[in-house]
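Chains, contacts and geometry: an overview
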2 protein chains.
Amino acid sequence: MTTFDVLVEVRLRPGIADPEGATVERALPALGFGGVRGVRMGKAIRFEVEAASAEEARRTAEELCRRLLTNPVIEDAVIEVSPPVRQAT
Amino acid sequence: MTTFDVLVEVRLRPGIADPEGATVERALPALGFGGVRGVRMGKAIRFEVEAASAEEARRTAEELCRRLLTNPVIEDAVIEVSPPVRQAT
């Protein structure tokens, strides 16, 4: 088995209200960030998965998103599986 | 000026307690995810920056992280600037 590093980005779906992002955006002009727009706040979740292959690690991450990490009504997830850096012995 | 898409991942620094990640991790064995470990919860913040170059967009994002998006005592940020997909006219 190999240990894969996984990064899941959980984002609000387009059209879903994002009050936290809107609050950040309202603060920007007063701080001098005139050219910043469209702020959307999401979650970045990192974890390690023991799996036989990157494909299996990705399937585990997808199942984990579906069952625990996201609310599919308002959120979607982008999963990134990094190449293994260590082998479990 | 060009519009760049920026993704900022805000992570808790190593060694900083992550109660949200620990709670997710405690739930995993009961859900059948035995091979998942080291869950860390962070933020994924997306926004658009109007800038003359990718370097300027990155500098704006770094300043924004420093002043508004992160608490540098407990968090660090990874900034990813995507190549522009549209030109402002």
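Please refer to the structure placed before this passage.
Residues numbered from 1 in each chain as written. Chains lettered and ligands numbered in written order. Predicted model: local features only at pLDDT ≥ 70, side-chain atom pairs only at ≥ 80, totals over all residues. Heavy atoms only, no water.

Tallying the contact residues gives 30 residues for chain A and 30 residues for chain B. Taken together, both faces of the contact between chain A and chain B bury some 2800 Å²; the carbon and sulfur share is 61%. Per-residue buried area on chain A facing chain B is highest for A:Phe33, A:Arg37 and A:Arg46; these three make up 20% of the total on that side. At the junction of chain A with chain B, the criterion picks out six salt bridges. With its nearest N and O atoms 3.6 Å apart, the salt bridge here joins A:Arg37 to B:Glu48. Remark: the boundary between chain A and chain B carries 12 residue pairs in polar contact (both at pLDDT 80 or more). Elements with a minimum of two residues in the side of chain A that touches chain B: strand S1 (2-12), helix H1 (19-31), strand S2 (36-51) and helix H2 (54-69) of chain A. By residue number, the principal contributor to the side of chain A that touches chain B is S2(A), which donates 15 residues. By the bridge criterion, 11 bridges tie S2(A) to strand S2 (residues 36-51) of chain B in an arrangement that is antiparallel. Its bridge partner being in S2(B), A:Ile45 is matched across the sheet by B:Met41. (Contact = heavy atoms within 4.5 Å. Buried area = accessible area lost by both parts, 1.4 Å probe. Salt bridge = Lys/Arg side-chain N within 4 Å of Asp/Glu carboxyl O. Polar contact = N/O pair within 3.5 Å; in protein donor to acceptor, adjacent residues only side chain to side chain. Helix = DSSP H or I, 4+ residues; strand = E, 2+ residues; numbered from the N terminus. Pairing = 2+ DSSP bridges.)

The next point concerns the relation of the copies chain A and chain B. Both copies of the chain are tied together by a single rotation about an axis and a shift running along it. With an RMSD of 0.0 Å, the operation that places chain A on chain B is a rotation of 180 degrees combined with a shift of 0.0 Å along the axis. Each copy turns onto its partner about a two-fold axis. It is A:Lys43 whose C-alpha, among those of chain A, lies nearest the rotation axis, at 2.1 Å. Most of the interface of chain A is mirrored in chain B: 100% of its interface residues are interface residues there too. (Least-squares fit on C-alpha atoms with pLDDT ≥ 70 in both.)

Taken together, the nine bridges between strand S1 (residues 2-12) of chain B and S2(B) define a ladder with antiparallel strand orientation. When the sheet's bridge partners are listed, B:Glu9 is paired in S2(B) with B:Ala44.

Counted at 1.5 Å a residue, the expected span for H2(A) with its 16 residues is 22 Å, but the 20 Å between its end C-alpha atoms falls short. Those residues of H2(A) not exposed but buried are A:Ala57, A:Thr60, A:Ala61, A:Leu64, A:Cys65 and A:Leu69. Down the axis of H2(A), the smallest arc covering the buried residues is 140 degrees, so these residues share one side. Relative to its buried face, H2(A) has exposed residues pointing more than 90 degrees away, namely A:Glu55, A:Arg59 and A:Arg66. On its buried face, H2(A) sits against S1, S2 and strand S3 (75-81) of chain A together with helix H1 (19-31) and S2 of chain B. (Expected span 1.5 Å × (residues − 1). Buried < 20%, exposed > 50% of the residue type's maximum accessible area, 1.4 Å probe, protein only. Arc of directions from axis to C-beta.)

It is possible for side chains bearing opposite charge to pair when their charged atoms get close. Taken as a whole and judged by the stated rule, the model has 12 salt bridges over all chains. Between A:Arg11 and A:Asp76 there is a salt bridge, and its shortest N-O distance comes to 3.6 Å. On the criterion of sequence distance, the pair formed by A:Arg11 in strand S1 and A:Asp76 in strand S3 is long-range, its members being 65 residues apart. Note that B:Glu63 is salt-bridged to B:Arg66, the shortest N-O span being 3.2 Å. Highlighted residues: B:Glu63 and B:Arg66, both in helix H2 (residues 54-69), separated by three residues, approximately one helical turn. On the accessibility criterion, B:Glu63 (29% relative accessible area) is partly exposed.

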